[in-house]
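Descriptive structure summary
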Amino acid sequence: MSAPRHPPRWDAVAPPEPLDETALLGLVRADAEAHAAALPAGTRFRLRAEITPVQAAFLDRRGYLVFDRVADRDEVETILAEIDRVEAELLARGESKVHGVPVWFGPDPDGNEYLYRMGFSSVHSPFLSNFVRDGRFEPVRRLIGDDARIGEREKDGVVFNRYVNATGSLRPNLAWHTDALRDLFYNRRMPGPMLNVGLHFDRIRPQDGGLRVLPGTHKQSGWATLFSKVHFVTQAPDPAEVAVETWPGDLTVHDGRMWHRVEASPETGWASLRRSMYVPYVRDAVLEKHAGSPTPLYLRLFDAVMRWRAARARRRQAASTAAKNTSDT
Ligand SMILES: O=C(O)CCC(=O)C(=O)O
Ligand SMILES: [Fe+2]
C-alpha cells in the first residue's frame, strides 16, 4: 500500500455506533416512515446486504443517507495515494482534460500546482476502478435501480474533489446547487429521481465546514429546483440546512434534486483539506466517453470561470510569496 501525501486525521475520535436496525428489519412501510421521521438528522447507518426499510424511508423523507465507514483505512489511503499519482502523471504530461472533462488545477498552500477536481478518475487507476465496482456497493446500485450501472466512462465518470482554504486557493468551498442542473444539460429534460453516491476521505465536524444539505428539497417543484437559489453563486448558509458530519471512509447518498453546498473550512492551509469522490450510477442510454471526447457545454461555461479563477489564484499566491520573501530578508 502506498501512502498519500496528506493522510486523513486518523487520531480523531471514533464515530458513534451506527443505528442498530436488528429489530427494525421487518417494519412495514408506514412504521418505517414513522421511525425514520423521529430519527435525528445526523443518524449514521450501517450498509448491509440490502437497504433496510428505515434507510429507504429516511432517504425518501430527508433526501440523504450517511453510511458508516464503508471503505476501510487501507482503502482510504490507497485511493488518496492513487489520486496523488494520477495528479503527478497529468501534470508531468501537461494534460488538463480527461475524456473531455477539464481537470481543475490551481495553487496549493505551498504554491505548487494542485488538482482540485477531476472527472473520470478511475480511468487511470485500476485500483479505483475495482474499488467502485466492489460487491459491497451492490445494495446502493439496486437502490438506484435494478438496471443501474456504474458509469465509469459516462457523464463525468468518477469525480474526485479536493477543497483547501489558503491564499490563492482555487476552491475553498462550493456554492449552493442541485446536481439536477448538470443532468438537465446532459439529458435536455428535467431529471427524475436521481441519487448521488459519495465517498468521504476526511474527518469533518460541522465546525470544519463540509457538506451542507437542505433536507426535503428533493421533493420541491421543478421551478424551485432551478431557481430558489442561484446555482453555484448563492453562498449564504440556510437556516434549515443540515451539516453532514463525516469520518474517513463514510459513504453518503443524496438525491441530486436536493439543494446542497460545501462550506469552507475556517482553518487555513493543509489543516483545511477536504476530499470527496462521487461515483456515477447511470440508468440512461449508454453514452461512453473516451480520450478526445468534446467538453460538454455546461463544463465549458464552468471551465472558463475556473481558468479565470486559477489565474487570479496564481497571481495572489505569487504576491503573497513575494511579500513573505521581502519580510524574510
Ligand atoms: O464535495 C462534496 O461532498 C460535494 C460535491 C458536489 O456537490 C458536486 O461536485 O456536485
Ligand atoms: Fe453537487
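Refer to the preceding data block for the structure.
Calculation rules
- Residues numbered from 1 in each chain as written.
- Chains lettered and ligands numbered in written order.
- Predicted model: local features only at pLDDT ≥ 70, side-chain atom pairs only at ≥ 80, totals over all residues.
- Near = placed C-beta within 6 Å.
- Nonpolar A, V, L, I, M, F, W, Y, C, P; charged D, E, K, R; others polar.
- Pairing = 2+ DSSP bridges.
- Helix = DSSP H or I, 4+ residues; strand = E, 2+ residues; numbered from the N terminus.
- Buried ≥ 20, exposed ≤ 12 C-beta atoms within 10 Å, placed from the backbone.
- Axes fitted to C-alpha atoms, helices over the stretch in contact; angles between N-to-C directions.
- Left-handed = near helix turned anticlockwise from the far one by under 90°.
- Contact = placed C-beta atoms within 7 Å.
- Core = buried A, V, L, I, M, F, W, Y, C linked by C-beta atoms within 7 Å.

**Brief notes about the site of ligand 1**
The full set of residues close to ligand 1 is Asn161, Leu174, Asp179, Gly198, Leu211, His260, Val262 and Ser276. Grouping the constituent residues of the shell around ligand 1 by class yields 3 nonpolar, 4 polar and 1 charged.

**A short note on the sheet that holds strand S11 (residues 242–243)**
On the basis of which strands lie adjacent, the open sheet formed by 4 strands has the order S8-S13-S10-S11 and antiparallel pairing. Looking along the sheet, the strands with just one partner apiece sit at the ends: strand S8 (174–177) and S11. Sheet analysis places strand S10 (residues 210–213) next to strand S13 (residues 260–263), joined by 4 bridges and oriented antiparallel. Residue Val213 lies in a different strand from S13, and its bridge partner there is His260.

**Some remarks on the pairing of strand S5 (residues 113–118)**
For S5, the tally of buried residues reaches 5 of 6 residues, placing the bulk of the element in the interior. For strand S4 (residues 104–107) and S5, the ladder comprises 4 bridges, and the chain directions are antiparallel. From the neighbouring strand, Trp104 faces S5, where its bridge partner is Arg117. Between S4 and S5, which pair antiparallel and follow one another directly, the connecting turn spans 5 residues, one of which, Gly111, has a positive phi of 90 degrees.

**Comments concerning the packing of helix H1 (residues 29–38) against helix H2 (residues 53–62)**
At a minimum axis separation of 8 Å, H1 and H2 run at an interaxial angle of 65 degrees. When you trace H1 past H2, the crossing you get is right-handed. On the side of H1, the interface is formed by Arg29, Ala32, Glu33, His35, Ala36 and Ala37, while H2 contributes Pro53, Val54, Ala57, Phe58 and Arg61.

**Regarding the environment of Gly198**
Examined against the element boundaries, Gly198 turns out to sit in strand S9 (residues 195–200). A sequence separation of 55 residues divides Gly198 from Val253, and the C-alpha atoms of the two residues are 6.3 Å apart. If near-sequence neighbours (up to four positions away) are discounted, Gly198 is found in contact with Leu251, Thr252, Ser276, Met277 and Tyr278.

**Side note on the pairing of S13**
Side chains His260 and Val262 project from S13 onto one buried face, and the interleaved Arg261 and Glu263 project onto a second face that is buried too. Across 2 bridges, the pairing between S8 and S13 is antiparallel. Of the residues in S13, the one forming a bridge with Leu174 is Val262.

**Quick notes on the nonpolar core**
In this structure, Tyr64, Leu65, Phe105, Val158, Val197, Val253 and Val279 are the most contacted members of the largest nonpolar core, which totals 65 residues. Broken down by element, the residue count for this core peaks at 5 residues, all from helix H3 (residues 73–93). Sequence-distant contacts of Leu65, that is, excluding residues within four places in its chain, are made with Phe45, Gln55, Phe58, Leu59, Thr252 and Val253.

**Thoughts on the sheet that holds strand S7 (residues 159–165)**
Whenever strands of a sheet pair, they do so through backbone hydrogen bonds, lying parallel or antiparallel. Pairing is antiparallel in the open sheet, where 7 strands are placed in the order S1-S12-S9-S14-S7-S5-S4. Two strands lie at the open edges of the sheet, namely strand S1 (64–67) and S4, each paired on one side alone. Across the sheet, the axes of successive neighbouring strands diverge by a mean angle of 30 degrees, strand direction being ignored. With 2 bridges joining them, S5 and S7 adopt antiparallel strand pairing. In the sheet register, Arg117 faces S7, and the bridge partner there is Asn161.

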